[in-house]
Amino acid sequence: MNGVTHSLLRVLDHLADRGDEVLVIAPGTRRDGPKEVAGVPIVRVPSIALPKYRRVRVAPGGITRIRRLLQRFAPDVVHLASPFVLGWRGVLAAQALSLPTVAIYQTEVPAYAARYGMHGIEAMLWNHVRNIHQHSSLTLAPSSYTIDQLSGLGVAEVALWARGVDSSRFDPGHRSEAWRRSVAPNGEKIIGYAGRLAAEKQVEDLAVLTDIPGARLVIVGDGPWRSRLERSLPGAHFTGFLGGDALAQAVASFDVMVTPGELETFCQTIQEAMASEVPVIAPARGGPLDLVDSSRTGWLYSPKDLGALRAHVVDLLGDEAKRRAFGVAGREQVSSLSWKSVCSQLIGHYSQAIENPAPQVLGRGFSSMLGPGLEDTLPY
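Here is a short report on the structure shown in this document. (Residues numbered from 1 in each chain as written. Predicted model: local features only at pLDDT ≥ 70, side-chain atom pairs only at ≥ 80, totals over all residues. Heavy atoms only, no water.)

Moving on, we get to empty space enclosed by the protein. Rolling a probe over the atoms, with the probe sized like a water molecule, indicates the empty space that remains. Evaluation of the coordinates by the stated rule reveals two cavities of 30 Å³ or more. Size it by volume and the largest cavity reaches roughly 60 Å³. By residue class, the composition of the lining of the largest cavity is six nonpolar, four polar and no charged. Considered as a void within the structure, the second largest cavity measures approximately 30 Å³ in volume. When residues of the lining of the second largest cavity are traced back to their parent elements, those giving at least two are α1 (3–18) and β6 (78–81). Counting residues per element, the lining of the second largest cavity draws most heavily on α1, which supplies four residues. In the lining of the second largest cavity, the residues fall into six nonpolar, three polar and no charged. (1 Å grid on protein atoms, 1.4 Å probe; cavity = no way out; pocket = protein on both sides within 12 Å on 5 of 7 lines; lining within 4 Å. Points joined across faces, edges and corners; volume = space filled by probe spheres on them. Nonpolar A, V, L, I, M, F, W, Y, C, P; charged D, E, K, R; others polar. Helix = DSSP H or I, 4+ residues; strand = E, 2+ residues; numbered from the N terminus.)

In structure tokens form, the structure reads like this:
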């Protein structure tokens, strides 16, 4: 499950516990399920699947239908979750109704485009990102790196909103010797990765770890690059998608976890590993800069320096005392970051947007990317 969806589900749980009225507007089809989550109804708007990632859907079109849905629901504030296509329609529709908006920056879409072979359009996409967030009442970014990134684009109203972690679910007590034997039957140390298997995650970089003596690379997750990665990492064990208690058991059973993606705006799996007392090795870019205290809870390496990545893994696998100390320090670092506290901060940001609803930029018409859509003729 991607981080955007995971954090949104925790927010919905929190709002439901408070007794707030919530409506979710999401890409999909009428056949997609579920129709509600945590008692919150979900309205699907027509969408198309991305050619190279069929499970990701985008909803291009105009604002008429979105405006109608918002007008009927009459919210106090509109939460734009990782806005780019549907979120752009949402911010313009909300602006037309004088509704405050809180835009959650979570995905570095322009850089993703290059990973998927769409070169030469990054400047245009960054311009679109700037437009979305300048039209919002308030933007929330998950890390200091992303705050600087948005500020550099000229987005003025940006605040930090990090993410929580369930330290009861992700706990070192879930470490399982039986699970470890099932993926590393010769008693190897386990180098773990947990996440989507997609181009932007750079899982192929882990090839530098496959020949470390006495170690086994274990890949937890699924995605469009799985077949390619199984060919390029023949010595690795692939578990497929794991969720719930199975995921918590797997993460706690790692000896170290590596997250090689250089486009992480936050990286929720780092906090989950730290809560499980597993040290993390990650590139020194984006969200990991805030999360990994290098040489105390894990190691950061310069992006693209795969030799350093390997050296840090070898260092931790060969030093049980250090590995243990890093793990304990990591859990201490995240123990206070409950989803309840993080979502309570979000409610405060909602209040700020309601008190100061004016966007930074007044509407200037539709983006050329997102022309009027057929769904604007539908009666709902």
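Resuming the write-up.
On to the sheet that holds strand β13 (residues 256–258). Ordered by their spatial adjacency, six strands build an open sheet running β12-β11-β10-β13-β14-β15, and the pairing between neighbours is parallel. In the strand order of this sheet, the two ends are held by β12 (237–240) and β15 (298–301), each with one partner. Neighbour-to-neighbour, the strand axes of this sheet turn through a mean angle of 25°, independent of strand direction. (Pairing = 2+ DSSP bridges. Axes fitted to C-alpha atoms, helices over the stretch in contact; angles between N-to-C directions.)

This paragraph deals with the environment of arginine 163. Checked against the element boundaries, arginine 163 lands in the loop between β9 (158–160) and α7 (177–183). In this structure the C-alpha to C-alpha distance between arginine 163 and leucine 337, which are 174 residues apart in sequence, comes to 7.5 Å. Discounting chain neighbours no more than four positions away, the residues touching arginine 163 are Ser7, Ile104, Tyr105, Gln106, Pro142, Phe266, Gln268, Gln271, Leu337, Trp339 and Val342. For arginine 163, the side chain forms a polar contact with the side chain of glutamine 106, separated by 3.1 Å. Polar contacts involving the side chain of arginine 163 include one to the main-chain carbonyl oxygen of tryptophan 161, which spans 2.5 Å. (Contact = heavy atoms within 4.5 Å. Polar contact = N/O pair within 3.5 Å; in protein donor to acceptor, adjacent residues only side chain to side chain.)

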